[in-house]
Amino acid sequence: MQSLAEENTLITNIGGWADIGTDPTISTTISPEKGGWQWYHIYTHYSPLICLDSNANVIPWMAESYEVSDDYKIITFHLRKGIKFADGTPLNASILKFNYDRIITYGWADKLGIQNPGKFYDYSEAQDEYTFRIHFTQGWLDMPFNLAGPHFYGRFISPLDVDPAWDIKGILKQEKMYNGLGPYYVDENESKSKDTIVLRKRNSWRNDLDFHKPKLEKIVLKYIADPQVAVMALEKGEIDYINRYWNPTMDNLPELKKNPTLFVKTRPNTVTYYIKTAYWKEPFNGTDGILLRKAINYALDREEMVNGTFFGYAIPATDTMFLSPLLPNVPECCHRGYDYNMEKAKQLLSEGGWKDADGDGILDKNGNSLKDIALVITSSTDLIWQEDLALIVQSQLKKIGIDVKIKTLEWAAYSETANSGDYDLSFAYNQPRGTTAGGQLVQFSRKPGINDYANSNGTLEEMANGARIAEGEEERDRLICQASDILFEEAGIIPMVHPMEWTIMNSKVKGFEFGVSEMNDNIEECWIEE
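Described in the following lines is the structure provided in the data block. Being a predicted model, the structure only gives us computed values, none of them experimental. (Residues numbered from 1 in each chain as written. Predicted model: local features only at pLDDT ≥ 70, side-chain atom pairs only at ≥ 80, totals over all residues. Heavy atoms only, no water.)

The interhelical angle for the contact between helix α14 (residues 459-468) and helix α15 (residues 473-489), taken along N-to-C directions, is 150°, at an axis separation of 9 Å. Between α14 and α15 lies a crossing of left-handed hand. Contacts from Thr-459, Leu-460, Met-463, Gly-466 and Ala-467 of α14 reach α15 at Arg-476, Leu-479, Ile-480, Gln-482, Ala-483, Ile-486 and Leu-487. Residue composition of the contact of α14 with α15, grouped by class: eight nonpolar, three polar and one charged. (Axes fitted to C-alpha atoms, helices over the stretch in contact; angles between N-to-C directions. Helix = DSSP H or I, 4+ residues; strand = E, 2+ residues; numbered from the N terminus. Left-handed = near helix turned anticlockwise from the far one by under 90°. Contact = heavy atoms within 4.5 Å. Nonpolar A, V, L, I, M, F, W, Y, C, P; charged D, E, K, R; others polar.)

Here's what the structure looks like:
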C-alpha cells in the first residue's frame, strides 16, 4: 500500500461561511457579530442525536436508540455513554434540553419557529442522565426525519460555557468557541477569517467509542469564491477536493474526467428538473390545456437533453411526474411518467383542435396561435444548464408546431416571475434527498406565490398540505398517490431529467462516500494516499 501523506491533510475550498469564532446556536439576528454558523462548525460542533444516511434514512448518531410515540408527538432518545465535549465535559440529557430550548425558542427562533419541527416544539425534558425526551404540540409522521435533517439540531454547546451559565440567552465565552462535540478544533495560529481555516483533529468521543473515527489529522478550508478558480487550484494540486456545495458547472466534467490525477465520482440525484406552465391562462388552461401539456410531455426527447445539456450526467425523467423513485418512502403509484412518442403528441394536438391553418409550421385554433410561447429562464451561472436546455426544448417543440421564444432574465427578475406568473413556460426543480416525499409537495401548496400546478377544484393543494403533516404512513401514501395521479392525468407539470450528483477530487483522496447533502459528506473519514 502507498504511504499515507504526511500529517494526512486534506485541503478543500469553501465559497462562504468562512469566518471564525462564532456561536452556532444563535443567529446573526440575535448577535450580528458573534452569531451564525460557519462551515467549520461541521467539524467542531456538528454531532446530532439522529441524522440521515446517504440515502436519507434516519439513523442514530449520538443517540444509541430512539422511540416515537404512537401519536408522533413525543420522541425519546437514549444517549450513548462516554460522549464528551472537547474540554472533557460529559454530555447528558440536561445539556441537550438546554440546547434545544436555546436553539428553538431563542437562538434560531426567527427561522425555526415557522417550520417543522420547531413550529410544533412544546418542551423537552431530561428523564434521567442518558434519556432525553422532546414533546411537540402536534404529531406528524415525518417528525424524526425533520429532526434528523437540519444541522440546527446538531450543533450543541456546553451550558457551562455561556455567561450566565445555564442561561439559554447567555453569551458564549470567547475561549469556549470551539468547545464542541465534533472531532476537530480550529487552530487560530494558522487560521484567518475569509482566507484559510485550519482544523486539527483532537481526541474525541468518536475515537473513544470507535464510532466513525476520523482519519484525517488536518483539514484546511481555503476561501475561494469562484468555483472556476477552485477547479484551477485542484488541477494545480493546491487543493485536494472541491467542496460540492460550491461545485463548478457540469460542463467542466468531461475535461476533468480526462485528467489522470483527478477522480470524478457520481451518483443519481433525486432532484427532478421540470417545466411548469401558466396553467391558469390560455393556451394551457382548461381541458384543452391538459391535452396541450400531455402533447408536450410526449414530444420531449429526454435522452437528447441528457446528452446535449448534461453531458450524460443525468437520467431521463420518464419514471415520474414529480417525485424521484430514489426518494425514501415514495409509493409505487408515483413511478409513472411520459415516454417520448412524437406521433402521440401530434394526435393529442389534433384532438385539441390545433392545426397549421396557414402553412407556417405553427399550430392555430380559433384565431389563436402557438406562436411566441414565452419560456422564461435565468442567466444565473448557478443554473447555467437552463440556456442549453431551453434551446433543446425550443427545437423539439418546433417539430410539433409550437413556437417557443426564450426570454432570459437576471436572477432577481426570474425569481419574481414565480409570484407574478409572467411566463408561459418556466424551468423548475424540486428538492434533493434531505426533504421528505411529503415535504417535496410544497411546490403545489405555496403561499405567497403561484403553485407550480393547481387543479380546478383545489384538491391537489389540499393533498400536498396533508401529505406533509400526515400522522400515519397509510394516510401519507394515500395523499401522495392522489397528488401523483392528478399530476399524471392532467399533465400538471412536464418532467425532463434527474441530474446526477458529482464530486471532484485528487485521485490520492480515498474513501469518499456521498452524504445525504454536501454538509453530510463526512470527508473527515477519507484519507490521503501518496
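A word on the sheet that holds strand β6 (residues 121-128). One open sheet holds the four strands; their spatial order is β4-β5-β7-β6, and the pairing between them is antiparallel. Single-partner strands in this sheet number two, and they are β4 (63-68) and β6. Neighbour-to-neighbour, the strand axes of the sheet open up by a mean angle of 20°, direction not taken into account. Bridge count between β4 and strand β5 (residues 74-79): five bridges; the pairing is antiparallel. Note that in β5 the partner of Ala-63 across the bridge is Leu-79. In the packing of helix α2 (residues 93-107) onto the sheet, the strands contacted are β5, β6 and β7 (131-136), and the crossing angle to β6 comes to about 170°. (Pairing = 2+ DSSP bridges.)

Let us now look at the state of the cysteines. Under the definition given, this model contains one disulfide. For Cys-333, the disulfide goes to Cys-481, at an S-S distance of 1.9 Å. Classification of the bridge connecting Cys-333 and Cys-481 rests on its S-S torsion, roughly -90°, and on that basis the disulfide is left-handed. Taken together, the residues span a long stretch of sequence, with Cys-333 in the loop between β16 (314-316) and α10 (342-351) and Cys-481 in helix α15 at a distance of 148 residues. Residue classification places Cys-333 among the partly exposed residues on the basis of a relative accessible area of 24%. With no disulfide of its own, Cys-526 has Cys-51 as its nearest cysteine by sulfur position, at a separation of 16 Å. (Disulfide = S-S within 2.5 Å. Buried < 20%, exposed > 50% of the residue type's maximum accessible area, 1.4 Å probe, protein only.)

A few words now on unusual backbone geometry. The amide bond that connects Asp-163 to the next residue, Pro-164, takes the cis arrangement and shows omega of 0°. Cis geometry is adopted by the peptide bond preceding Pro-283, which originates at Glu-282 and carries an omega value of 5°. Mapped onto the elements of the fold, Pro-283 is located in the loop between β15 (273-277) and α8 (286-299). Here Trp-17, not a glycine, exhibits a phi torsion of approximately 50°, which is positive. Here the phi dihedral of Ala-491 falls at roughly 45°; this positive angle occurs in a residue that is not glycine.

For α15, with 17 residues, the first-to-last C-alpha span of 24 Å sits near the 24 Å given by 1.5 Å per residue. Looking at α15, one finds that the buried residues are Arg-476, Leu-479, Ile-480, Cys-481, Ala-483, Ser-484, Ile-486, Leu-487 and Phe-488. Residues of α15 that are buried sit in contact with α8, α13 (437-440) and α14. (Expected span 1.5 Å × (residues − 1).)

Within the sequence span of α14, burial applies to Thr-459, Leu-460, Met-463, Ala-464, Gly-466 and Ala-467. End-on, the buried residues of α14 take up no more than an arc of 170°, which puts them together on one face. Looking at the buried residues of α14, the elements they touch are α13 and α15. (Arc of directions from axis to C-beta.)

The subject of this paragraph is the nonpolar core. Of all hydrophobic cores here, the largest spans 88 residues; its most connected members are Leu-397, Ile-402, Phe-427, Phe-444 and Met-496. What Leu-397 contacts, discounting residues up to four positions off in sequence, is Ile-296, Ala-299, Leu-300, Ile-402, Val-404 and Leu-425. Membership of the second largest hydrophobic core comes to 40 residues, among which are Ile-83, Phe-120, Phe-156 and Trp-205. (Core = buried A, V, L, I, M, F, W, Y, C linked by side-chain atoms within 4.5 Å.)

Let's shift gears to the environment of Tyr-46. By the secondary structure assignment, Tyr-46 is in the loop between α1 (41-44) and β2 (50-52). When neighbours within four sequence positions are excluded, Tyr-46 is seen to be in contact with His-41, Cys-51, Ala-148, His-151, Gly-154, Arg-155 and Asn-520.

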